[in-house]
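Architecture and fold: a report
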Amino acid sequence: MACVGVFDSGIGGLNVLAACMQRLPGCRFYYYGDNVHAPYGARPKEEIVRFTRHAMRVFASMRVDAAVLACNTATAVCVEEMRSEFSFPVVGMEPALRPAAASCRDVLVLATPHTIASERLRSLILRAPACRFTLAALPDLAGEIERCLTCGTPLTLSDHLPDVSPDGVVLGCTHYVFFRREIARFYGCPVFDGVQGTANRLAAVLSEVLEEQKIGTDDHHCPTWNPNNCLTKKYIKCQKNRVIFLGNSKNINKKTFFSNICFTSN
Ligand code: DGL
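Residues numbered from 1 in each chain as written. Predicted model: local features only at pLDDT ≥ 70, side-chain atom pairs only at ≥ 80, totals over all residues. Heavy atoms only, no water.

1. What to know about the packing of helix 2 (residues 45–61) against helix 3 (residues 72–85)
Closest axis-to-axis distance for the helix 2/helix 3 pair is 9 Å, and the angle between their directions is 55 degrees. Judged by the angle between their axes, helix 2 and helix 3 are oblique. Every pair of crossing elements has a handedness; the one defined by helix 2 and helix 3 is right-handed. Between helix 2 and helix 3, the residues in contact are Lys45, Ile48, Val49, Thr52, Arg53 and Met56 and Thr73, Ala74, Val77, Cys78, Glu81, Met82 and Glu85, respectively. In terms of residue class, the contact of helix 2 with helix 3 is made up of seven nonpolar, two polar and four charged. (Axes fitted to C-alpha atoms, helices over the stretch in contact; angles between N-to-C directions. Helix = DSSP H or I, 4+ residues; strand = E, 2+ residues; numbered from the N terminus. Parallel < 35°, antiparallel > 145°, perpendicular 65-115°, else oblique. Left-handed = near helix turned anticlockwise from the far one by under 90°. Contact = heavy atoms within 4.5 Å. Nonpolar A, V, L, I, M, F, W, Y, C, P; charged D, E, K, R; others polar.)

Shown next, in the form of structure tokens:
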């Protein structure tokens, strides 16, 4: 059994976790949602790097086989740095511009200011020259969604969405995926996100890693979950240890994870 760390500033990465769990039914997952510090969108880059590095260190302490930055913002700011600092592979989020450009001509990209300003996004745009992209940096929406789903505060989506008429929308933030259907209804067009693509990428990366490890070992063993080995002392075990939620879980409990969101607890 392989084990994978999935990280986000808060609950947005649960969408990615759900897809990864489905894609890789034999894996154990550690989910680190740094929701004490969420949202990351408007924070200085140095802070985002520091928080992301801490999460990667927690995963290193759990001896993960791979990690996923299930956060477009953290990916935009520091995926390369994390890849150079840690020995396990780090899979990042990629806003789904490519699939959107395959079927749409006028595409709205919704994301946090760091993601919108990133070089990664710029290079994706350059690879789809036939498409017209409208970029919307939304400073508050991820935080509002985090509060709405963890504390029940009301959210008026239309207050945050730009008044344009695209023929496709890219959700460049994993928090927005919770409102995929509502956003599709608001714009009356197809919506794209990078969730499944990330799960597929993780599966490919993991099979390479395990293939390499087979050279020296007969079998792959995920270290037994031992809270004493873990850098963070707060955790919630779910699904018979298949998912272990770690970290700064302010306002987060099993109910938060399971009631709104993706899984059935057992
Ligand atoms: N889920 C993060 C992302 O994909 C949210 C960013 C934030 O915390 O502002 O960008």
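Following the structure, the description resumes.
2. Describing the site of the ligand
With respect to spatial proximity, 13 residues lie near the ligand, and among them Ser9, Tyr40, Gly41, Thr73 and Thr174 are the closest. The contact in question runs from a nitrogen atom of the ligand to an N or O atom on the side chain of Asp8, over 3.0 Å. Within the contact set of the ligand, an oxygen atom lies 2.8 Å away from a backbone nitrogen or oxygen of Asn72. Cavity membership is defined here by more than half of the atoms lying within 2 Å of grid points; on that basis the ligand lies in the largest cavity. (Near = heavy atom within 4 Å. Polar contact = N/O pair within 3.5 Å; in protein donor to acceptor, adjacent residues only side chain to side chain. 1 Å grid on protein atoms, 1.4 Å probe; cavity = no way out; pocket = protein on both sides within 12 Å on 5 of 7 lines; lining within 4 Å. Sits in = over half its atoms within 2 Å of the grid points.)

3. Concerning unusual backbone geometry
That bond from Ala38 to Pro39 is cis: its omega, 0 degrees, falls within 30 degrees of zero. Among the secondary structure elements, Pro39 is positioned in the loop between strand 2 (28–33) and helix 2. The phi dihedral of Arg63 is positive, around 55 degrees, even though this residue is not glycine. Counting through the fold element by element, Arg63 comes out in the loop between helix 2 and strand 3 (66–69). Judged by relative accessible area, Arg63 falls into the exposed class, the value being 59%. (Buried < 20%, exposed > 50% of the residue type's maximum accessible area, 1.4 Å probe, protein only.)

4. With respect to the pattern of salt bridges
The full count for this structure, using the stated rule, is nine salt bridges. Among the ionic pairs, Arg43 bridges to Glu47, the shortest N-O distance being 2.6 Å. Residue Glu47 is classed as partly exposed on the basis of its relative accessible area of 22%. One salt bridge in this structure joins Glu81 and Arg53, with 3.6 Å as the shortest N-O distance. Taken as a pair, Glu81 in helix 3 and Arg53 in helix 2 lie far apart in primary sequence, 28 residues in all. Of the residues examined, Glu81 reaches a relative accessible area of 33% and is grouped as partly exposed. (Salt bridge = Lys/Arg side-chain N within 4 Å of Asp/Glu carboxyl O.)

5. Notes on the confidence of the model for the chain
Low-pLDDT portions of the prediction should not be read for the details of their coordinates. Counting all residues, the mean pLDDT for the chain is 87, and 83% of those residues have values of 70 or more. Taken as a whole, residues 260–266 scores under 50 in pLDDT and shows 24 contacts with residues more than four places along the chain or in a different chain. (pLDDT = per-residue confidence, 0-100.)

6. Notes on the layout of surface pockets
Approximately 330 Å³ is the volume attributed to the largest pocket. The wall of the largest pocket is formed by 20 residues, among which Gly92, Glu94, Gly197, Thr198 and Arg201 lie closest to the centre. Elements that contribute at least two residues to the lining of the largest pocket include exactly strand 4 (90–91), helix 4 (97–103), helix 6 (119–126) and helix 9 (195–214). Considering every element that reaches the lining of the largest pocket, the biggest residue donor is helix 9, with four residues. Of the residues in the lining of the largest pocket, the class split is ten nonpolar, four polar and six charged. (Points joined across faces, edges and corners; volume = space filled by probe spheres on them.)

7. Digging into the environment of Val191
By secondary structure assignment, the location of Val191 is in strand 8 (residues 191–193). In this structure, the C-alpha to C-alpha distance between Val191 and Leu108, residues 83 residues apart in sequence, is 9.4 Å. Setting aside anything within four residues of it in sequence, one finds Val191 in contact with Val169, Leu171, Arg180, Ile183 and Ala184.

8. So, the nonpolar core
Core analysis: the biggest nonpolar cluster contains 50 residues, and Leu17, Phe29, Leu110, Val169, Tyr176, Ile183 and Leu202 have the highest contact counts within it. In terms of residues, this core owes the most to one element, helix 9, which gives seven residues. Here Ile183 is in contact with Leu110, Leu157, Leu161, Val169, Leu171, Tyr176 and Val191, once residues within four sequence places are set aside. Of all hydrophobic cores here, the second largest spans 28 residues; its members include Ala55, Leu69, Ala74 and Leu246. (Core = buried A, V, L, I, M, F, W, Y, C linked by side-chain atoms within 4.5 Å.)

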